[in-house]
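Fold and contact review
Each chain, written out:
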Amino acid sequence: MNITIAFVLGFMAAFLAVMPPGLLNMTAAKISLREGHTRGIVFSVGACIIVFFQTLIATVFARYLNKHPDVVEILQRVAFVIFVLVTIYFLLVAKGREKVEEELEPKSKRSRFFQGIFMSSINVFPIPFQAYMAVTLASLGWLQFDTTSIAAYVSGAAMGSFAMLYIYMFFFEKIKHLQFTSQKNMNYIIGGITGVISLITLVNIIKDLK
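Residues numbered from 1 in each chain as written. Predicted model: local features only at pLDDT ≥ 70, side-chain atom pairs only at ≥ 80, totals over all residues. Heavy atoms only, no water.

A look at the side chain of Gln-130
Spelled out, the test is: Per the convention used, a helix needs a DSSP run of H or I reaching at least four residues, while a strand needs a run of E reaching at least two, with both numbered from the N terminus. For every residue, the accessible area (1.4 Å probe, protein chains only) is compared with the maximum for its type, and the residue is labelled buried under 20%, exposed over 50%, or partly exposed between those bounds. Think of a polar contact as two N or O atoms within 3.5 Å of one another; within protein, one of them needs to be a possible hydrogen donor and the other a possible acceptor, and neighboring residues in sequence only count if both atoms come from side chains. Throughout, a residue-residue contact means that at least one pair of heavy atoms, one from each residue, lies within 4.5 Å.
Mapped onto the secondary structure, Gln-130 falls in helix H6 (residues 126–139). Judged by its relative accessible area of 3%, Gln-130 falls in the buried class. Here Tyr-153 takes part through its side chain, which lies 2.7 Å from a polar atom of the side chain of Gln-130. With residues up to four places along the chain from it excluded, the contact list for Gln-130 reads Ala-13, Ala-14, Thr-55, Ala-58, Tyr-153 and Ala-157.

Set out below in structure tokens:
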């Protein structure tokens, strides 16, 4: 398996996962805007270190699932239900809620690094997401679970996350006035993404039944 392909797949999966406005990218952008780009980068490095290990856990778990297709079938159904519920929540329940923006207190570079680690650690969504992506990519023959490919995929995921956080940091000031940065539209974006994943999962379940 070409390690470049594995790296690019990991990069793109993480890049797209961090694209919707969320806790990590919006925090990185606000820190960069108020305290300077350096502290925003330090925060992002801390966050991406955790992304690296989360993706590693997810990929190793996906390797196990790939060897046990019966377990994959069960998890596919569970994942479908979860993604549908998440989609309904963001599109119908949370769409009208607006979060009150909290002021960020000035902190040192070191504390921003550990803040990135902490905030990324409590965000456990990347683990099931990356496990699902790895199993899906493996089923398509695009990803193999040898040690080299896993290392390339995980490294790509960490770099993809950092790249998107970097984009938010350096372009947030120019786009913060746009409507899609509001909490209401963030919920629509996240709900739309989970809705697409739900449809893909449903298609895979139907194919397995045939």
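Comments concerning the environment of Phe-170
Along the chain, Phe-170 turns up in helix H7 (residues 147–175). On the basis of relative accessibility, which here comes to 28%, the residue Phe-170 falls in the partly exposed class. Put simply, Phe-170 and Leu-33 are 137 residues apart on the chain and 8.3 Å apart in space, counted from C-alpha to C-alpha.

Re the nonpolar core
Where a protein is soluble and globular, its nonpolar side chains tend to be buried together. Stated precisely, the cut-off is as follows: Definition used in this section: a nonpolar core is a set of buried Ala, Val, Leu, Ile, Met, Phe, Trp, Tyr and Cys residues joined via side-chain atoms within 4.5 Å.
Within the largest apolar cluster, 16 residues are counted, with the highest numbers of intra-cluster contacts made by Leu-24, Ala-28, Phe-43, Met-164, Leu-165 and Tyr-168. Taken together, the elements giving at least two residues each to this core come down to helix H1 (3–18), helix H2 (23–35), helix H3 (37–66) and H7. Leave out the neighbours within four places in its chain, and Leu-165 touches Val-18, Leu-24, Asn-25, Ala-28, Ser-44, Ala-47 and Cys-48. Listed in part, the 15 residues of the second largest apolar core include Leu-65, Ile-150, Ala-152 and Tyr-153.

Quick word on the pattern of salt bridges
We count it as follows: For this document, the term salt bridge refers to a Lys or Arg side-chain nitrogen within 4 Å of an Asp or Glu carboxyl oxygen.
All chains considered together, the criterion is met by two salt bridges. Arg-39 is the salt-bridge partner of Glu-35, the closest N and O atoms lying 3.4 Å from each other. A relative accessible area of 24% means that Arg-39 is categorised as partly exposed. A salt bridge links Glu-35 to Arg-112; the nearest nitrogen and oxygen atoms lie 2.3 Å apart.

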